[in-house]
Amino acid sequence: MSRRLPSLGGQERPANLAVLMREAFVALNDRVLTGLAEHGHGEVRPAHGAVFQYIDDTGTTVSLLAERAQMTKQAMAELVKHLETHGYVRRVPDPTDRRAKLVVPTERGHDVIAVAQGLVPAIEEEVGKILGADRVRHLRADLEVIRRAIPSEPKVR
C-alpha cells in the first residue's frame, strides 16, 4: 500500500484519473527537486513550483501568481516570502500600479528555472524508456487535448 494515497476500508483508495495524473506529476517533480538540491537549491520545496511555474521574467504580482496557481493570496505570499528570504525572488514596485509590487526572479531564481528546464530532457527520456516513445507522443497529445478542451476556470476567492 502506498504511503501517499489514503486508505479506504484498509485498502488503498481507488485512484481516479485526476489522482493518477497528480501522482505521476509528484513522482516526476521529485526528480526535479532532487536535481535542484544537487545544484545547491535545497531550500526549494514542492510548493514553490507554484511560484516558479507561473512567474514572468519581468515580474508578477502575488495576486496574479495566486490566481494562476489557483491558491489564496495569503498562501502565495508565504511561498514568496520564503523564496525572498532565500534569495530566489525580490519584490519591486510595479511601474504600472504604484500600490502594487512585482515578484521578480533574482539571478538565483533564474538559475532554479534553468536547472529545472535542463532536467526536463532526462526526465522525459526516463518516461520514454518506461512507456516507449510512441506512447509518450500520444500521452503528450492527449494531455494537450484535455488541457485545451477543459479550460481551468478562475475561482472566486
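Small disclaimer: the values here were computed from a predicted structure and weren't measured.

Any chance you could explain the pairing of strand 3 (residues 89–94) here in plain terms?
Along any regular strand the residues' side chains alternate between the sheet's two faces. In terms of strand pairing, strand 3 meets strand 4 (residues 97–105) through six bridges, oriented antiparallel. Counted as the bridge partner of Val-92 is Leu-102 from strand 4. Connecting strand 3 to the next strand, strand 4, in antiparallel fashion are two residues.

Explain the environment of Val-44 here, please?
Mapped onto the elements of the fold, Val-44 is located in the loop between helix 1 (17–38) and helix 2 (49–54). For Val-44, a relative accessible area of 6% corresponds to the buried category. Between the C-alpha atom of Val-44 and that of Arg-4, which follows or precedes it by 40 residues, the distance is 20 Å. Setting aside anything within four residues of it in sequence, one finds Val-44 in contact with Leu-33, Leu-36, Phe-52, Tyr-88 and Val-112.

Teacher, can you tell me more about unusual backbone geometry here?
With the exception of glycine, most residues fall at negative phi, and the peptide bonds are largely trans. Positive phi values are uncommon outside glycine, yet Gln-70 reaches one of about 55°. Of the residues examined, Gln-70 reaches a relative accessible area of 37% and is grouped as partly exposed.

Explain the pattern of salt bridges to me, please; I cannot follow it from the model alone.
Any two side chains of opposite charge can pair, given that their charged atoms come close. Applying the stated criterion across every chain yields a total of ten salt bridges. Arg-99 is the salt-bridge partner of Asp-97, the closest N and O atoms lying 3.3 Å from each other. The partly exposed category is assigned to Asp-97, whose relative accessible area is 23%. Judged by relative accessible area, which is 77%, Arg-99 ranks as exposed. Between Arg-140 and Glu-124 there is a salt bridge; the shortest N-O distance is 2.7 Å. Of this pair, Arg-140 sits in helix 6 (residues 133–149) while Glu-124 sits in helix 5 (residues 107–131), and the two are 16 residues apart along the sequence. Since its relative accessible area comes to 38%, Glu-124 is described here as partly exposed. Overlapping salt bridges, with partners in common, bring together Glu-144, Arg-147 and Arg-148 in one network.

Conventions and cut-offs
- Residues numbered from 1 in each chain as written.
- Predicted model: local features only at pLDDT ≥ 70, side-chain atom pairs only at ≥ 80, totals over all residues.
- Heavy atoms only, no water.
- Pairing = 2+ DSSP bridges.
- Helix = DSSP H or I, 4+ residues; strand = E, 2+ residues; numbered from the N terminus.
- Buried < 20%, exposed > 50% of the residue type's maximum accessible area, 1.4 Å probe, protein only.
- Contact = heavy atoms within 4.5 Å.
- Salt bridge = Lys/Arg side-chain N within 4 Å of Asp/Glu carboxyl O.

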